[in-house]
Amino acid sequence: DAGVTQSPTHLIKTRGQQVTLRCSPISGHKSVSWYQQVLGQGPQFIFQYYEKEERGRGNFPDRFSARQFPNYSSELNVNALLLGDSALYLCASSLGQGVWETQYFGPGTRLLVL
Amino acid sequence: KNQVEQSPQSLIILEGKNCTLQCNYTVSPFSNLRWYKQDTGRGPVSLTIMTFSENTKSNGRYTATLDADTKQSSLHITASQLSDSASYICVVSASIGNKLTFGGGTRVLVKP
């Protein structure tokens with residue numbers, strides 16, 4: 001069985017550009033969460049989507065947006081990129097949205113903003 | 001503000017030795033606490049999950065403890081192996097708000 005997949009694996013952008021990251025959850029999982037992990041730190045929660053609706057949002061600016069599609073895959077969009085957006089972006093899927101659900105993480109997309 | 005603090009930030013141990021990682025949290029109201037292992041370049045993988053009523057839980061050579069009164073948890077690695085080299089992240093869930101609070105992680109390097 002495939003785990004959580006993310007694309008692309010690596011990405012280089014310049015300041016001011018826009019980026020779209022993609023995530024496919026484990027089959028049967030309806031919840032997708034996005035995290036930003038800066039080098040040397042723990043992940044920071046960005047969004048959670050469940051059944052195509054936003055169910056949680058972390059302390060990130062409006063430049064960050066996301067959506068979930070009918071097949072439960074998800075996209076994270078970041079506009080007007082800043083140098084500080086350089087990080088590993090992790091996607092995690094779970095069966096449901098509750099805090100008891102085990103989240104399964106993908107390998108991440110490493111974004112470098114120059 | 002919900003916070004999770006881990007210590008030490010990093011440690012180096014010799015293969016075969018034991019080590020203990022610490023996690024202190026201020027998340028309230030508490031729901032559960034997880035320890036994740038994150039290999040370099042990979043996403044985190046769940047090791048254990050504990051509720052306030054559980055004091056100890058093991059997963060192979062990994063043993064987690066929880067003291068809900070003092071809001072502290074520890075992860076003990078027994079007879080370390082080279083493959084234990086990774087970051088270990090403590091994650092605490094609140095029963096309200098549906099959010100996870102991640103600690104900064106402890107980077108463990110096991111040397112032969």
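The structure this text deals with has already been given above.
Below, the structure is looked at part by part. Worth saying up front: this structure is predicted, and the values here are computed from it rather than measured.

Thoughts on unusual backbone geometry
With the exception of glycine, the majority of residues adopt a negative phi angle, and the majority of peptide bonds are in the trans configuration.
Moving on, step 1. In the segment running from Ser7 of chain A into Pro8 of chain A, the intervening peptide bond is cis, with an omega of -10°.
Moving on, step 2. On the secondary structure map, Pro8 of chain A appears in the loop between β1 (5–7) and β2 (10–13).
Moving on, step 3. Following Ser7 of chain B, the chain continues into Pro8 of chain B via a peptide bond in cis, with omega recorded as -10°.
Moving on, step 4. Turning to its location among the elements, Pro8 of chain B is positioned in the loop between β1 (4–7) and β2 (10–14).
Moving on, step 5. In this structure, Ala80 of chain A takes a positive phi of about 45° despite not being glycine.
Moving on, step 6. Residue position: Ala80 of chain A is located in the loop between β8 (74–78) and β9 (87–94).
Moving on, step 7. Ala80 of chain A gets classed as partly exposed once you look at its relative accessible area, which sits at 38%.

Describing the state of the cysteines
Moving on, step 1. The final tally for this structure, using the stated rule, is two disulfides over all chains.
Moving on, step 2. Across a sulfur-sulfur distance of 1.8 Å, Cys23 of chain A and Cys91 of chain A are joined as a disulfide pair. Sign of the S-S torsion, about -60° for the bond between Cys23 of chain A and Cys91 of chain A, identifies this disulfide as left-handed. Remark: Cys91 of chain A occurs in strand β9 and Cys23 of chain A occurs in strand β3 (residues 19–24); sequence separation between them is 68 residues. Each of the two residues, Cys23 of chain A as well as Cys91 of chain A, counts as buried.
Moving on, step 3. Bridging Cys23 of chain B to Cys90 of chain B, the disulfide has an S-S length of 2.0 Å. Torsion about the S-S bond of the Cys23 of chain B and Cys90 of chain B cystine: about -65°, corresponding to left-handed handedness.

Some words on the nonpolar core
Moving on, step 1. Leu21, Tyr25, Leu33, Trp35, Leu75, Tyr88 and Val92 of chain B are the most contacted members of the largest nonpolar core, which totals 25 residues.
Moving on, step 2. Mapped by element, the contributors of at least two residues to this core are β2, β3 (19–25), β4 (30–38), β5 (45–50), β7 (62–67), β8 (72–77), β9 (86–94) and β11 (106–111) of chain B.
Moving on, step 3. Of all the elements, β9 of chain B adds the most residues to this core, at five residues.
Moving on, step 4. Val19, Ile46, Phe47 and Phe60 of chain A belong to the second-largest nonpolar core, a separate cluster that totals 21 residues.

Observations regarding the packing of aromatic side chains
Moving on, step 1. In this structure the tally under the stated criterion is ten aromatic pairs over all chains.
Moving on, step 2. Summarising the aromatic geometry, the rings of Phe47 of chain A and Tyr49 of chain A are spaced 6.1 Å apart at their centres and angled 55° between planes, so their arrangement reads as tilted. Taken individually, Phe47 of chain A and Tyr49 of chain A each receive the classification buried, so the pair is uniform in this respect.
Moving on, step 3. Connected via pairs of aromatic rings, a cluster forms that spans Tyr35, Phe45 and Phe105 of chain A together with Tyr36 and Phe102 of chain B.
Moving on, step 4. Positioned above the aromatic ring of Tyr62 of chain B, the side-chain terminus of Arg61 of chain B is 5.8 Å from the ring centre.

Concerning the pattern of salt bridges
Moving on, step 1. In this structure the tally under the stated criterion is ten salt bridges over all chains.
Moving on, step 2. The partner of Asp84 of chain B in a salt bridge is Arg61 of chain B, and the shortest N-O contact between them spans 2.8 Å. Within this pair, whereas Asp84 of chain B is found in the loop between β8 and β9, its partner Arg61 of chain B is found in the loop between β6 (56–59) and β7, the two being separated by 23 residues in sequence.
Moving on, step 3. Owing to a relative accessible area of 1%, Asp84 of chain B belongs among the buried residues under this scheme.
Moving on, step 4. On the basis of relative accessible area, Arg61 of chain B is assigned to the partly exposed category, the value being 23%.
Moving on, step 5. Each of Arg22, Arg67 and Glu75 of chain A takes part in one network of salt bridges that share partners.

Focus: the sheet that holds β6 of chain B
All names here are of chain B.
Moving on, step 1. Taken together, five strands build an open sheet; the order of strands is β1-β3-β8-β7-β6 and the sheet is antiparallel. If you trace the sheet from one side to the other, it starts and ends with β1 and β6, each paired once. For this sheet the average axis-to-axis angle between neighbouring strands, irrespective of direction, equals 15°.
Moving on, step 2. Sheet analysis places β1 next to β3, joined by four bridges and oriented antiparallel. Within the sheet, the bridge partner assigned to Glu5 lies in β3 and is Asn24.

Conventions we followed
- Residues numbered from 1 in each chain as written.
- Chains lettered and ligands numbered in written order.
- Predicted model: local features only at pLDDT ≥ 70, side-chain atom pairs only at ≥ 80, totals over all residues.
- Heavy atoms only, no water.
- Helix = DSSP H or I, 4+ residues; strand = E, 2+ residues; numbered from the N terminus.
- Buried < 20%, exposed > 50% of the residue type's maximum accessible area, 1.4 Å probe, protein only.
- Disulfide = S-S within 2.5 Å.
- Core = buried A, V, L, I, M, F, W, Y, C linked by side-chain atoms within 4.5 Å.
- Phe/Tyr/Trp six-rings, centres within 6.5 Å; stacked < 30°, edge-to-face > 60°.
- Lys NZ or Arg CZ within 6 Å of the ring centre and 35° of its normal.
- Salt bridge = Lys/Arg side-chain N within 4 Å of Asp/Glu carboxyl O.
- Pairing = 2+ DSSP bridges.
- Axes fitted to C-alpha atoms, helices over the stretch in contact; angles between N-to-C directions.

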